[in-house]
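Survey of secondary and tertiary structure
Read off the chains here:
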Amino acid sequence: MQSSTTTDTGTLTARSAISGLVGNTPLLRVSEPLAPAGHGFWAKLEGFNPGGIKDRPGLHMVERARARGDLRPGGRIIESTSGTLGLGLALAGMVYGHPVTLVTDPGLELSMTRLLTAYGAQVNVVSEPHPTGGWQQARRDRVQRLRDQHPGSWCPDQYNNPDNVAAYTPLALELASELGHIDALVCSVGTGGHSAGVSRVLRQLYPELKVIGVDTIGSTIFGQPARPRLMRGLGSSIYPRNVAYDQFSEVHWVAPAEAVWTCRQLAASHYATGGWSVGAVALVAGWLARTSPADTRIVAIFPDGPQRYLGTVYDDDYCAAHGLLDAPPAPEPEVNGSLDEKEALRWTRCATVVDPLSPHHEEESR
């Protein structure tokens, strides 16, 4: 019979082994058909983490909260998620021994709900969007009510938690170690965590780095009007304060059909593909590779893989019902001179990025 000390040590070793699965994800060179022969970009395949890119902040935010005493042993973790952070928090709950409640909305895929439940998380679904803040604000309101019901619980607040940003330092260092030099970084923007965390580290190493943010149409992050959004994982109907507006050289908005086309092109040509964010990022990275000198070293971050999107992005019936298979994207984006010059309804870029809530932006808009 094992002693309790031996059993505890074995459990800790097993948990450490689980968290050791996160990081050191592979790079893939992507070229034709998204860019001509001799041109291309490097894709960092974060879908090779057990749950995707947000395994990194899930573990890091919980670790830091425990170290500060904000999250006590056995305390419940309660957070809003559209899916991927939920996987990271389920992983962190397993590693550190915390129950996890995840608040989501009806747009979460059934397969993801089943997977989160299998990993031991409780999934709580809001039924109506907030009148102005959409599903995200409705989820955040539910989180607060659940926290009131669970004294001692803790919410990571991924939208505003600086630990979300700091969690991506290892990812930035992996890229620098693997590539030696980087000219441009292309990444999706949702909570603002990985775009801020990776760009800040890489800018210290490569001061001339060009950082391109990729958002979805209907998102308010970069000053566009809030609309119902089909794509999940990027975009927002609130203003996350983790978004590092000062780091961006430009921003692109991408429509769902454009992301779907690119996801499917990636799948057919490179085997490695993913969901909405991957398609949007790859579309923009391919354009940048086409329009830049062949020796430009471009990195695109692919946050996840394709598995959770088999009923959406890769489902012909779903895509046809939503008008997502009509035509390939235009070869070039439309151009906005300012963030709110006109509403982006298809792939659009803007090379002037400021915080839409800053007084400076308000003065420019008048």
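About the criteria used
Residues numbered from 1 in each chain as written. Predicted model: local features only at pLDDT ≥ 70, side-chain atom pairs only at ≥ 80, totals over all residues. Heavy atoms only, no water. UniProt positions renumbered as here; feature names shortened; annotations may be inferred. Helix = DSSP H or I, 4+ residues; strand = E, 2+ residues; numbered from the N terminus. Rg over C-alpha atoms; globule rule 2.2 N^0.38 Å. Buried < 20%, exposed > 50% of the residue type's maximum accessible area, 1.4 Å probe, protein only. Contact = heavy atoms within 4.5 Å. Polar contact = N/O pair within 3.5 Å; in protein donor to acceptor, adjacent residues only side chain to side chain. Pairing = 2+ DSSP bridges. Core = buried A, V, L, I, M, F, W, Y, C linked by side-chain atoms within 4.5 Å.

For the chain, the name recorded in an unreviewed UniProt entry is Cysteine synthase A, with Streptomyces bingchenggensis as its organism. Listed in UniProt under the heading Cofactor (unreviewed entry), the comment for the chain reads: "pyridoxal 5'-phosphate".

1. Some thoughts on the overall build of the chain
Assigned secondary structure in the chain consists of 12 helices and 11 strands. Scaling as 2.2 N^0.38, a compact globule of 366 residues should have a C-alpha radius of gyration of about 21 Å, and the chain matches this with 20 Å. Put simply, the chain has 366 residues, and 54% of those count as buried. Contacts spanning at least 24 positions in sequence make up 70% of the contacts within the chain whose residues lie at least 6 apart.

2. Quick notes on the side chain of E46
Here E46 lies in the loop between strand 2 (41-45) and helix 2 (55-68). Taking relative accessible area as the criterion, E46 reaches 0% and is therefore assigned buried. Looking at E46, its side chain comes within polar contact range of the side chain of R56, at 2.7 Å. Look past the residues within four positions of E46 in its chain and what remains in contact with it is T25, G52, I53, R56, L171, I301, F302 and P303.

3. Some thoughts on the pairing of strand 4 (residues 100-104)
Regular strands place side chains that alternate from one sheet face to the opposite one. Among the 5 residues of strand 4, 5 are classified as buried, and the element is accordingly described as predominantly covered. What you see with strand 4 is no split at all: V100, L102 and T104 on one side and T101 and V103 on the other are buried throughout. Relative to strand 4, strand 3 (residues 77-80) runs parallel, the two being bridged by 4 bridges. Across the sheet, S80 pairs through a bridge with V103, a residue of strand 4.

4. Some points on the environment of I18
The residue I18 is located in helix 1 (residues 4-19) in this model. I18 sits in the partly exposed class, given a relative accessible area of 25%. Spatially, the C-alpha atoms of I18 and M94 are 8.9 Å apart, while their sequence positions differ by 76 residues. Contact partners of I18, with chain neighbours within four places excluded, come to L91, M94 and V95.

5. What to know about the nonpolar core
Counting 38 residues, the largest nonpolar core has F41, V186, V254, W276 and F302 as its most contacted members. Elements represented by at least two residues in this core include exactly strand 2, strand 6 (184-188), strand 7 (210-216), helix 9 (256-270), helix 10 (276-291), strand 9 (298-302) and helix 11 (316-321). Per-element accounting of this core gives the leading share, 11 residues, to helix 10. If near-sequence neighbours (up to four positions away) are discounted, W276 is found in contact with L230, M231, R232, L234, P256, A259, V260, Y309, T312, V313, Y318 and L324. Counting residues in hydrophobic clusters, the runner-up holds 33 residues, among them I182, I217, V243 and A255.

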